[in-house]
Amino acid sequence: TPRENMLRVMRGEKPMWLPNMNRDTNLLCPDMMPDASARAFGGIDWFGVDWQYEPLTKAAMVRPGTRRLSDITRWEEELVFPDLMELDWEKDSKELYHMLPNDRFTYFVIYNGIFERTADLTSFEDAFCYLLEEPEALTAFYDRMIDWYIQLIKIARTYYHTDMILFHDDMGSQRSPFFSTEVYRELFVPQYQKLTRAAHDEGMYIAIHSCGNVRPHIPGFIEAGFDAWEGQEGTTDKDEIMETFGGRLVQLGNFEITGECSDEEAAEVIRRMIETRGRTGRCAYRIRDKRPVQGSLNLDDEMYRLSRIFYSSES
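Being a predicted model, the structure only gives us computed values, none of them experimental. (Residues numbered from 1 in each chain as written. Predicted model: local features only at pLDDT ≥ 70, side-chain atom pairs only at ≥ 80, totals over all residues. Heavy atoms only, no water.)

## Re helix α12 (residues 299-313)
Then, number 1: In this model, α12 (15 residues) spans 21 Å end to end at C-alpha, consistent with the 21 Å of a helix rising 1.5 Å per residue.
Then, number 2: Every buried residue belonging to α12 is among L299, D300, E302, M303, L306, S307, F310 and Y311, and all of these are buried. Buried residues of α12, viewed axially, fall in a sector of 155°; they line one side. In α12, those exposed residues whose orientation departs by more than 90 degrees from the buried face are S312 and S313.
Then, number 3: Here α12 starts with a cap whose side-chain oxygen sits 3.0 Å from the backbone nitrogen of D300, and that cap is N298. (Helix = DSSP H or I, 4+ residues; strand = E, 2+ residues; numbered from the N terminus. Expected span 1.5 Å × (residues − 1). Buried < 20%, exposed > 50% of the residue type's maximum accessible area, 1.4 Å probe, protein only. Arc of directions from axis to C-beta. Polar contact = N/O pair within 3.5 Å; in protein donor to acceptor, adjacent residues only side chain to side chain.)

Shown next, in the form of structure tokens:
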């Protein structure tokens, strides 16, 4: 089944085909979670931050001028952590998600990781300053935040029977990470180790979604205990990252077909990806056909066909 094939990838075994995250997985992010609805469509998130939908990007951003937390040193006074058990998770899972194919690999998305949450509650400028000036206050805040996320992870497993958590925490611009590897290891690795340990204790895998050029943090993702990384296409050399770290970190994300190319040329791009980045079977992708004029060839079908041929011929 697609689920069994994806589990092969996560376990480091050779798959029968390169998993297609559009076809082979169930993505869960229940709309009744305020974070999910606010991040997708705008509105108020779990911690009272106002998000505004932007049609150009088809996503939401913090409404300009919004500031929920006056200062990180005042988080205990100003923030109320939502009671997760006030939501009827059992009713939601049974009514809205019981029809999902159980032969697919299911993952549960958690938006607004601990760095993102810091910036959302204050501002990016202040979040950067806090990393250097208020490490003790940040550590106390992150301790509380991670405990809250661990409770959400347990809910995902208990009520939605998920195979993996996808935890969002963007940490880079187009050119470089937002902060040094020293800061990452000091403030974030200990927190993420608690998070990944909790997911593993529940019998789940856990991946970090982190956009931007986060190449210097890849060893830290592994040290933190993440099983996989979902990164942005085009900001890092994913072939090099796979070659260097593929044995310890599964690669997820979008694989984009761009430019004015024919169906045959697009298929050749996919074939080369399978034979290089996908050679060891440590990745799963969503095909994104971004050609200005799309042909008649179904690229999802083509990735399946080419990868079946490739993996069956590999000893």
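## A closer look at the sheet that holds strand β4 (residues 59-62)
Then, number 1: On the basis of which strands lie adjacent, the open sheet formed by three strands has the order β2-β3-β4 and antiparallel pairing. Strands at the two margins of the open sheet, each flanked by one partner only, are β2 (43-44) and β4.
Then, number 2: Relative to strand β3 (residues 50-54), β2 runs antiparallel, the two sharing two bridges. Counted as the bridge partner of I44 is D50 from β3. (Pairing = 2+ DSSP bridges.)

## Digging into the environment of E116
Then, number 1: With respect to the secondary-structure elements, E116 resides in helix α5 (residues 114-121).
Then, number 2: By relative accessible area, E116 is classed as buried at 9%.
Then, number 3: Those residues in contact with E116, other than ones at most four positions away along the chain, are R39, H168, D169 and D170.
Then, number 4: Within the local environment of E116, its side chain forms a polar contact with the side chain of R39, the two groups lying 3.4 Å apart. (Contact = heavy atoms within 4.5 Å.)

## Some details on the pairing of strand β6 (residues 164-168)
Then, number 1: Judged by how many residues are buried, β6 sits mostly within the fold: five of five residues are covered.
Then, number 2: Where burial is concerned, the two faces of β6 agree: the one with M164, L166 and H168 and the one with I165 and F167 are both buried.
Then, number 3: By the bridge criterion, five bridges tie β6 to strand β7 (residues 205-209) in an arrangement that is parallel. Bridged to I165 within β7 is I206.
Then, number 4: The handedness of the β6 to β7 crossover, carried by helix α8 (residues 181-201), is right-handed. (Right-handed = clockwise from strand over helix to strand, strands pointing away.)

## Let's talk about the nonpolar core
Then, number 1: Among the nonpolar cores identified, the biggest contains 84 residues, and F188 and Y192 are the most heavily contacted of them.
Then, number 2: Looking at which element gives the most residues to this core, the answer is helix α7 (residues 135-160), with 14 residues.
Then, number 3: Setting aside its immediate chain neighbours within four residues, Y192 contacts I114, F167, D169, M171, Y184, I208, A224 and F226.
Then, number 4: Counting residues in each nonpolar core, the second largest holds 17 residues, with F255, L299, M303 and L306 among its members. (Core = buried A, V, L, I, M, F, W, Y, C linked by side-chain atoms within 4.5 Å.)

## Structural notes on the sheet that holds strand β1 (residues 25-28)
Then, number 1: If you walk across this open sheet you meet the seven strands as β1-β5-β6-β7-β8-β9-β10, and the pairing is parallel. Edge strands, defined here as strands with exactly one partner in the open sheet, are β1 and β10 (283-289). Between one strand axis and the next, the sheet turns by 25° as a mean value, whatever way the strands run.
Then, number 2: With four bridges joining them, strand β5 (residues 105-110) and β6 adopt parallel strand pairing. Within β6, the residue paired with I110 across the bridge is F167.
Then, number 3: α7 contacts β1, β5, β6 and β7 of the sheet and is inclined by roughly 150° relative to β5.
Then, number 4: The strands touched by α8 are β6 and β7; relative to β7, the strand with the most contacts, the crossing angle is about 140°. (Axes fitted to C-alpha atoms, helices over the stretch in contact; angles between N-to-C directions.)

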